[in-house]
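Structure assessment
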Amino acid sequence: MPQTAVKLAYSTVLRMAGPISPVAFQQPSSLLTFSYSPSHELEFTDSALRYYVHPPRNADLRHGYDRWIRRPEERGRIDNLLRAVIRVRTNMDAQDLNGAGWLRDIGIVSWRGVMTKIMTAPYEERDSWELNVMMVDGTLYFEEHLTENKLAEKNNVAPHHRMQMYYGYAFESYCTSSTPAPSKGTAAGTWGGDVNTNVQWCSVVKTKLGDTRIVIGGEVDCVRGHFTGNTDSFVELKTSLIIRGAQDEAHFEKKLLKFYFQSFLLGVPEIVVGFRTAAGRLSKVQSFRTMEIPRLVRNKPGAWDPLVCLDWGKRFIELLKSTIVSRPSTLGDPLPVWRVKFTPRSGVTISPLDKPGLDEVVNGEDRVGFLPQWYFDDIRS
Ligand code: A3P
Ligand code: MG
Ligand code: MG
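What comes next is a walk through the structure. (Residues numbered from 1 in each chain as written. Chains lettered and ligands numbered in written order. Predicted model: local features only at pLDDT ≥ 70, side-chain atom pairs only at ≥ 80, totals over all residues. Heavy atoms only, no water.)

1. Remarks on the packing of aromatic side chains
Evaluation of the coordinates by the stated rule reveals 21 aromatic pairs. Taking 6.3 Å as the distance between ring centres and 80 degrees as the angle between the ring planes, the aromatic pair formed by F252 and F259 counts as edge-to-face. In terms of burial, F252 and F259 fall into one category: buried. Three or more aromatic residues link up through ring pairs in this structure, and these residues are F25, Y260, F261, F264 and W304. Directly above the ring of F275 sits K284, whose terminal nitrogen or CZ lies 5.6 Å from the centroid. (Phe/Tyr/Trp six-rings, centres within 6.5 Å; stacked < 30°, edge-to-face > 60°. Buried < 20%, exposed > 50% of the residue type's maximum accessible area, 1.4 Å probe, protein only. Lys NZ or Arg CZ within 6 Å of the ring centre and 35° of its normal.)

Okay, here's the thing in C-alpha cells:
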C-alpha cells in the first residue's frame, strides 16, 4: 500500500517529555469584535455584547430550560475568523498600514478553542483530538477535525448532561444584561432573557508565543463596566459544582487549567465562577483574576504549571512549521492539508492527508483544502 508508506515516511512525532524553558507570551491586544445574531449570522457590530451584573442569590439554573434555543453542533469551520482577518487587513490598508505585510508576519490563525486544546495537552489525560492544518504564504491555519462519530456524540448528549450544559448558559443569563449596570457592574441581576446559543459576542486578538505571532478569535461572555475597545474589561463566566471536600477541591483545581488557558489566550483578566448544587441551585459566586490562578494551584496535589504548557506549545508550533516547510516536493499538492493527532499522555503525530481524507475536509464546497476559495481570492488580490 504505497499511500500508507508515504504517510508513515513523512509522519513526525512530538512526545511530551523534555526539558522546560521559559517561553514569552505577549499580552493579547484586541483587533476587532463581532457578533452572531439570533439566527447565527455574523455581524461586525457589538449587538451581542453583554454587561456583567451580580446574579440573584440562590438562582435556579434550570429556569427557562424548555425555551433554550440550542445551536446544533457543527464542524468548527474557520470561515468567520477569516472574514475577520480580511476585515483587519482591509482596515489597515485604509490607514496606509500595509495590511498584506501584517498578514505575512502572522504565524498562526486559529479559534481560541483549538489553541486551548493545544496548550493544555500536556495535562490532558482523557480526550484525544485531531486538527487539520494548512500553511499559506507562511501562515498556519488550524481547524479542529471532528470525526462523524464525535459530531454525532456531541449532538446526542444524554438528557441529564444536556441539563448540566444548560446550567452554564442559565448562569450567563443571570449574570448579564444588555445594558451597562448603573454602578460599575454591582447591580443585582435577574433573569437576563431566554437562552439562545446562536447569539455570541466574539473578540479577535493578536498575541505572540515565543517568536510566533498569533491571531486568535473566541467568544467573550461579557464585560465589566463599559467596553473600552480592549480586553481589560472582559469577563469569562463559568459554573462548577460546589466544593465539599479535598477531592472536590483537587477536581476544581484541575478544571482551573482549562479556565485559565481559555481566558489567558484571549487576554480575559477575570473569571467569575458560579458554584452550584447538583440540582442546579446557585450557591456561591467567586471572581478569580486570571493571572493569579497559577499561583492558587502551585504546590497543590495535582498541580499544573503554565510554563509546561507554554513550552509544549512553542515546541508544537516549531515542529509543525519545520515539518511543513521541509515537506518533500514529491508530495505533489502545492497546498496540502496536514492532519495532527493528539493522544493523551503520548503526544502528537503530524502527517499529510491523503486524497480520500481530503474529501471529508472539503465537503464538496469551493475550497482549497479546508480554506474557502474566497479567502484566497481576497488575500492574493
Ligand atoms: P460552563 O462552563 O459554565 O459549564 P463557556 O464557559 O466556554 O463560555 O461555555 C458556556 C457553556 O457551554 C458551558 O458552561 C457549558 O455548559 C457549555 N460548554 C462549553 N464547552 C463545552 C464542551 N466542550 N462540552 C460541553 N459543554 C460545553
Ligand atoms: Mg462563553
Ligand atoms: Mg463561559
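Picking up after the structure, the text goes on.
2. Concerning the coordination of the magnesium ion (ligand 2)
Donor atoms from the polypeptide that bind the magnesium ion (ligand 2) are E219 (OE) and D221 (OD), placed at 2.2 to 2.7 Å. The distance between the magnesium ion (ligand 2) and the magnesium ion (ligand 3) is 3.4 Å, with D221 acting as a donor to both metals. E219 sits in the partly exposed class, given a relative accessible area of 25%. Classification of D221 by relative accessible area gives buried; the value is 10%. (Donors = N, O, S within 2.8 Å, 3.2 Å for Na, K, Ca; no water.)

3. Topic: the pairing of strand β12 (residues 234-241)
Extensive coverage of β12 is indicated by the burial of 7 of its 8 residues. The pairing of β12 with strand β13 (residues 270-276) spans 7 bridges and is parallel. Across the sheet, residue T239 finds its bridge partner in β13, namely G274. Taken together, β12, helix α7 (residues 246-266) and β13 form a β-α-β motif whose crossover is right-handed. (Helix = DSSP H or I, 4+ residues; strand = E, 2+ residues; numbered from the N terminus. Pairing = 2+ DSSP bridges. Right-handed = clockwise from strand over helix to strand, strands pointing away.)

4. What about the site of ligand 1?
Neighbouring ligand 1 are M165, G168, Y169, E172, D221, E236, L237, K238, T239 and Q262. Interatomic distance of 2.7 Å between a side-chain N/O atom of K238 and an oxygen atom of ligand 1. Q262 places a side-chain nitrogen or oxygen 2.9 Å from an oxygen atom of ligand 1. Expressed as a share of its isolated accessible area of 530 Å², the protein-covered part of ligand 1 is 63%. (Near = heavy atom within 4 Å. Polar contact = N/O pair within 3.5 Å; in protein donor to acceptor, adjacent residues only side chain to side chain. Areas by Shrake-Rupley, 256 points an atom, 1.4 Å probe, with all protein chains shown as cover.)

5. Things to note about the side chain of S35
Its location among the elements puts S35 in strand β2 (residues 29-36). Overall, the relative accessible area of 0% leaves S35 in the buried class. Of note is the side chain of S35, whose polar atom sits 3.0 Å from the backbone nitrogen of A48. Apart from residues lying up to four places away in sequence, S35 is in contact with E41, L42, E43, T45, D46, S47, A48, L49, Q200 and W201. (Contact = heavy atoms within 4.5 Å.)

6. Quick word on the nonpolar core
In terms of nonpolar packing, the biggest core is built from 57 residues, with I118, V133, F142, F316, L320 and V340 touching the most fellow members. Examining the composition of this core, we find that 9 residues originate from one element, α7, more than from any other. Those residues in contact with L320 that sit more than four places away from it in its chain are V133, L140, F142, V340 and I350. By size, the runner-up hydrophobic cluster in this structure holds 33 residues, among which are A84, W111, M134 and Y375. (Core = buried A, V, L, I, M, F, W, Y, C linked by side-chain atoms within 4.5 Å.)

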